[in-house]
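Coordinates in review
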Amino acid sequence: MNGDLDSAFVPVAVAHAPGRVNLLGEHTDYNDGFVLPIALAQRTTVSLGPASGPAFHLSSKESGETIDFTLDRLPDEAFARYVFGCLQQVVGRGHAVPTLDIQVTSEVPIGVGLSSSAALEVAMLRALRLLLTLPIDDVEIARMAQRAEVEFAGVRCGIMDQMASSLADPTHALFLDARTLATERWTLPPGCSVLVLDSGVQRALVTSAFNQRRRECAEASARLGVGSLRDVEGLERVETLPEPWRRRARHVVSENARVLRAVADADAAVLGRMMNASHASLRDDYEVSVAALDQLVALLQEHAAVFGAKLTGAGFGGACVAVVESSCLGEVANTTLRRFAATGGRGALLAPRSLELDLGVQRIECSVRRRHE
Ligand code: GLA
């Protein structure tokens with residue numbers, strides 16, 4: 001089958017949800033901690049209409065996949081499992097769901113750490129809410145989306161991605177307490193913008209390594225006698241743990257402190273310093289970076305118009321995020337990607353989408369060139 005969506009298809013409900021990039025607070029959400037993601041302009045759209053047969057019919061414009069499935073058997077295809085998981089959440093709450101034709105189109109890049117799966121889940125649940133007039137709010141949508149992923153896609157993810165996709169917008173970051181799910185819209189310091197670059201390294205072994213980190217954190221908190229690493233104050237007792245628990249716990253405890261500091265200060269230089277420290281901690285203590293990401297992040301950090309940079313999302317490849325002087329976005333993207341290519345890297349611009357990027361010519365003038373220490 002090809003990926004052309006059926007032109008005869010008349011959707012009854014259409015919903016969108018964005019991807020996200022996380023500015024700070026990596027691997028803290030499943031430790032009941034703090035995160036600071038922001039929504040991307042790129043989004044996923046789900047359109048629902050009545051199915052013509054006894055099975056659900058799912059198609060993706062981008063991948064060209066078409067999959068028929070019923071609710072009594074988990075589909076083999078990873079993409080379909082997210083959708084299946086969302087349907088199970090709704091059915092599990094006692095709502096009858098008729099078989100549907102489900103069409104998905106997405107602008108969110110897949111597999112680079114920008115939460116394409118959460119965007120799919122949230123868009124799917126929003127479309128179902130619309131279709132069936134479900135009495136669920138945006139936080140409940142995020143919870144259901146997370147459960148769909150944990151129970152049916154096998155990733156024991158935290159709730160950051162789904163909360164960001166369900167509640168964040170591209171103009172404010174979302175300061176989230178992953179324990180209480182309390183949120184605050186957090187405005188980026190004036191004059192700075194978010195730049196997202198792909199390292200070109202496909203993420204590998206994310207599920208198994210991610211689930212392993214979760215186990216290590218659970219073990220570290222058990223050894224420290226706390227319910228979760230969120231409850232550890234200071235690093236004194238953490239330093240007495242044997243490896244690898246010492247370094248894993250040190251990352252989580254210090255990362256929570258970095259988020260709180262950045263949010264409280266609301267200053268670009270402080271945010272940047274926290275991002276740089278976050279990357280070092282993810283690389284050295286949490287061990288979820290790879291050489292290409294370290295290289296790309298280092299090139300960004302060296303640029304005079306960059307406040308700070310780090311890998312974003314789970315790690316093990318994929319994208320990195322930088323906070324940059326707004327007037328220099330194009331120049332930073334150009335220079336960094338060119339320097340990265342000179343080291344053999346295969347980077348790409350992921351956001352902002354609107355940025356004109358011509359790797360041969362630097363057309364965008366950068367007026368502000370000072371180092372923020
Ligand atoms: C993935 C998970 C999130 C979070 C990040 C790391 O994106 O889905 O819950 O743990 O990794 O910060």
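Residues numbered from 1 in each chain as written. Predicted model: local features only at pLDDT ≥ 70, side-chain atom pairs only at ≥ 80, totals over all residues. Heavy atoms only, no water.

1. A look at helix 1 (residues 78-92)
- With 15 residues, helix 1 extends 21 Å between its outermost C-alpha atoms, agreeing within 8% with the 21 Å of an ideal straight helix rising 1.5 Å per residue.
- Buried within helix 1 are the following residues: Phe79, Ala80, Tyr82, Val83, Phe84, Gly85, Cys86, Leu87, Gln89 and Val90.
- On its buried side, helix 1 packs onto strand 4 (56-60), strand 5 (66-69), strand 6 (100-106), helix 2 (116-132) and helix 3 (138-152).
- Once helix 1 finishes, Gly94 follows within two positions and takes phi at roughly 90°, a positive value. (Helix = DSSP H or I, 4+ residues; strand = E, 2+ residues; numbered from the N terminus. Expected span 1.5 Å × (residues − 1). Buried < 20%, exposed > 50% of the residue type's maximum accessible area, 1.4 Å probe, protein only. Contact = heavy atoms within 4.5 Å.)

2. Here we look at the site of the ligand
- Near the ligand, the surroundings consist of Arg20, Glu26, His27, Asp29, Tyr30, Cys157, Gly158, Met160, Asp161, Phe210, Gly313 and Ala314.
- A distance of 2.5 Å separates an oxygen atom of the ligand from a polar side-chain atom of Asp29.
- Between Gly158 and the ligand, the recorded distance is 2.9 Å, taken from a backbone N or O atom to an oxygen atom.
- Protein contact buries 94% of the 310 Å² of open area that the ligand shows by itself.
- Of all the cavities here, the one that holds the ligand is the largest pocket.
- In the shell around the ligand, the residues fall into five nonpolar, three polar and four charged. (Near = heavy atom within 4 Å. Polar contact = N/O pair within 3.5 Å; in protein donor to acceptor, adjacent residues only side chain to side chain. Areas by Shrake-Rupley, 256 points an atom, 1.4 Å probe, with all protein chains shown as cover. 1 Å grid on protein atoms, 1.4 Å probe; cavity = no way out; pocket = protein on both sides within 12 Å on 5 of 7 lines; lining within 4 Å. Sits in = over half its atoms within 2 Å of the grid points. Nonpolar A, V, L, I, M, F, W, Y, C, P; charged D, E, K, R; others polar.)

3. Some words on the packing of helix 3 against helix 4 (residues 160-167)
- The contact between helix 3 and helix 4 brings their axes to 8 Å, and the two run at 140°. Of the two elements, helix 3 crosses helix 4, and the hand of that crossing is right-handed. In contact with Asp138, Val139, Ile141, Ala142, Ala145, Gln146 and Glu149 of helix 3, helix 4 contributes Gln162, Met163, Ser166 and Leu167.
- Looking at the contact of helix 3 with helix 4 residue by residue, the class counts come to six nonpolar, three polar and two charged. (Axes fitted to C-alpha atoms, helices over the stretch in contact; angles between N-to-C directions. Left-handed = near helix turned anticlockwise from the far one by under 90°.)

4. Description of the packing of helix 7 (residues 268-284) against helix 8 (residues 291-302)
- Between helix 7 and helix 8, the least distance of the axes is 12 Å, while the angle of their chain directions is 160°. By the angle class used here, helix 7 and helix 8 are roughly antiparallel. In this structure, helix 7 crosses over helix 8, and the sense of that crossing is left-handed. Here helix 7 contributes Asn276, His279 and Arg283 to the contact with helix 8, which in turn contributes Leu293, Asp294, Val297 and Gln301.
- Within the contact of helix 7 with helix 8, the residues separate by chemical class into two nonpolar, three polar and two charged. (Parallel < 35°, antiparallel > 145°, perpendicular 65-115°, else oblique.)

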